[in-house]
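Understanding the architecture of this molecule
Residues per chain, in single letters:
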Amino acid sequence: MSYFNERMRAVRVALSGVFQAFKKETHLKLHLIISLIVVNMGFLLHISKTDWLFLLLAIALVISLEMINSVIEKLCDIIKPEQDPKIKYIKDVAAGAVLIACVFAMIVGILVFLPYLKSIW
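Small disclaimer: the values here were computed from a predicted structure and weren't measured.

Considerations on the overall build of the protein
The secondary structure content of the protein amounts to 4 helices and 0 strands. Its helices and strands in sequence order give the protein the pattern α-α-α-α, from N to C terminus. For the protein, the C-alpha radius of gyration of 18 Å lies well beyond 14 Å, the compact-globule estimate for 121 residues. By principal-axis analysis of the C-alpha atoms, the protein measures approximately 55 × 45 × 20 Å.

Spelled out as structure tokens, the structure:
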């Protein structure tokens, strides 16, 4: 198999993982809906390129961490299906990382959109 074909296969596998995650994970669906609302607001308010960069980075951070959190939870469930304080700690810390990213994304959204919304009012 050529190098190009191997890379294309790797991209297809990765895209399959993204689609599977969005199909199965409720929180990812919620993040996607919120992301679509944010992107639509960006288009409606004609935000700057710099503001787009901050918004898209925040969206990518939240979605990526949510996907990693989902994988960690699934692995923990496979390794130890019964209750375990160590597994609970791992799951809680992973969920906490997503929470921090979500709070960061909310702050970015407020900082980006507030000046545009003030100019409309």
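Quick look at the nonpolar core
Ile47, Leu55, Val112 and Phe113 are the most contacted members of the largest nonpolar core, which has 15 residues in total. Breaking this core down by element, the ones donating at least two residues are α1 (3-24), α2 (26-45), α3 (49-79) and α4 (85-120). Per-element accounting of this core gives the leading share, 5 residues, to α3. Among residues more than four places away in sequence, those in contact with Val112 are Ile47, Asp51, Phe54 and Leu55.

Some details on the packing of α1 against α2
One way to put it is that α1 packs onto α2 with a least axis distance of 5 Å and a crossing angle of 100°. Overall, the two elements α1 and α2 adopt an arrangement that is roughly perpendicular. On the side of α1, the interface is formed by Ala21, Phe22, Lys23 and Lys24, while α2 contributes Thr26, Leu28, Lys29 and Leu32. Residues of the contact of α1 with α2, tallied by class, amount to 4 nonpolar, 1 polar and 3 charged.

Looking at the pattern of salt bridges
Under the definition given, this model contains 5 salt bridges. Ionic pairing is found between Asp84 and Lys80, a salt bridge with its closest N-O pair at 3.0 Å. For Lys80, a relative accessible area of 30% puts it in the partly exposed group.

Remarks on the packing of aromatic side chains
Taken as a whole, this structure holds 1 aromatic pair when the rule is applied. Ring plane angle 55° and centroid distance 5.0 Å describe the contact between Phe43 and Trp52, whose orientation is recorded as tilted. Residue Phe43 is classed as exposed on the basis of its relative accessible area, which comes to 54%.

Things to note about the side chain of Glu66
For Glu66, the position within the fold is in helix α3. Summary of buried charges: Glu66 has no salt-bridge partner, and the nearest side chain of opposite charge, Lys74, is 8.8 Å away. Leave out the neighbours within four places in its chain, and Glu66 touches His27, Leu28, His31 and Val98.

With respect to the confidence of the model for the protein
Across the protein, the average pLDDT comes to 96, with 100% of residues at or above 70. Confidence scores differ between elements of the protein, with α1 showing the lowest mean pLDDT of 96 and α3 the highest of 98.

Comments concerning the layout of surface pockets
In this structure, the largest pocket occupies an estimated 270 Å³ of space. As for the largest pocket, its lining consists of 15 residues, of which Ile34, Val38, Cys102, Ala105 and Met106 are closest to the centre. Taken together, the residues of the lining of the largest pocket sort by class into 12 nonpolar, 3 polar and no charged. Reported here for the second largest pocket is a volume of approximately 220 Å³. Lining the second largest pocket are Gly17, Gln20, Ala21, Lys24, Glu25, Leu28, Met67, Ser70, Val71 and Lys74. Breaking the lining of the second largest pocket down by element, the ones donating at least two residues are α1 and α3. Per-class residue counts for the lining of the second largest pocket are 4 nonpolar, 3 polar and 3 charged.

About the criteria used
Residue numbering note: each chain is counted from 1, following its sequence as written. In view of the model being predicted, local features appear only for residues whose pLDDT reaches at least 70, and side-chain atom pairs are presented and counted only at 80 or more, with totals across whole chains, interfaces and linings using the full set of residues. Excluded from the side-chain calculation are hydrogens and water; included are all heavy atoms of the structure. Helix and strand assignments follow DSSP, with helices taken as H or I runs no shorter than four residues and strands as E runs no shorter than two, numbered in order from the N terminus. Note on method: radius of gyration uses C-alpha positions; expected globular size equals 2.2 Å times residues raised to 0.38. Here, nonpolar core refers to any group of buried Ala, Val, Leu, Ile, Met, Phe, Trp, Tyr and Cys residues whose side-chain atoms link them within 4.5 Å. Relative accessibility thresholds used throughout: buried, under 20% of the residue-type maximum; exposed, over 50%; partly exposed, between the two (1.4 Å probe, protein chains only). Only heavy atoms matter for contacts: two residues are in contact if any of them lie within 4.5 Å across the pair. Think of each axis as a best-fit line through the C-alpha atoms, taken over the contacting stretch in the case of a helix, with angles from 0 to 180 degrees between the N-to-C directions. By definition in this entry, angles of less than 35 degrees are roughly parallel, angles greater than 145 are roughly antiparallel, angles of 65 to 115 are roughly perpendicular, and the rest are oblique. Under the scheme applied, nonpolar residues are Ala, Val, Leu, Ile, Met, Phe, Trp, Tyr, Cys and Pro; charged residues are Asp, Glu, Lys and Arg; polar residues are all the others, including Gly. In what follows, salt bridge is the name for a side-chain nitrogen of Lys or Arg lying within 4 Å of a carboxyl oxygen of Asp or Glu. Pairing of aromatic rings covers Phe, Tyr and Trp, the last counted by its six-membered ring, and requires centre-to-centre distances within 6.5 Å; plane angles under 30 degrees mean stacked, over 60 mean edge-to-face, and any other angle means tilted. Neither His nor the chain ends is counted toward charge; the positive residues are Lys and Arg and the negative residues Asp and Glu. The pLDDT score gives, residue by residue, the confidence of the prediction method on a 0 to 100 scale. As defined here, a cavity is a set of points on a 1 Å grid over the protein atoms alone where a 1.4 Å probe fits but cannot get out. A pocket is an open set with protein on both sides within 12 Å along at least five of seven lines, and residues line them when an atom is within 4 Å of a point. Grid points are joined across faces, edges and corners, and a volume is the space filled by probe spheres set on the points.

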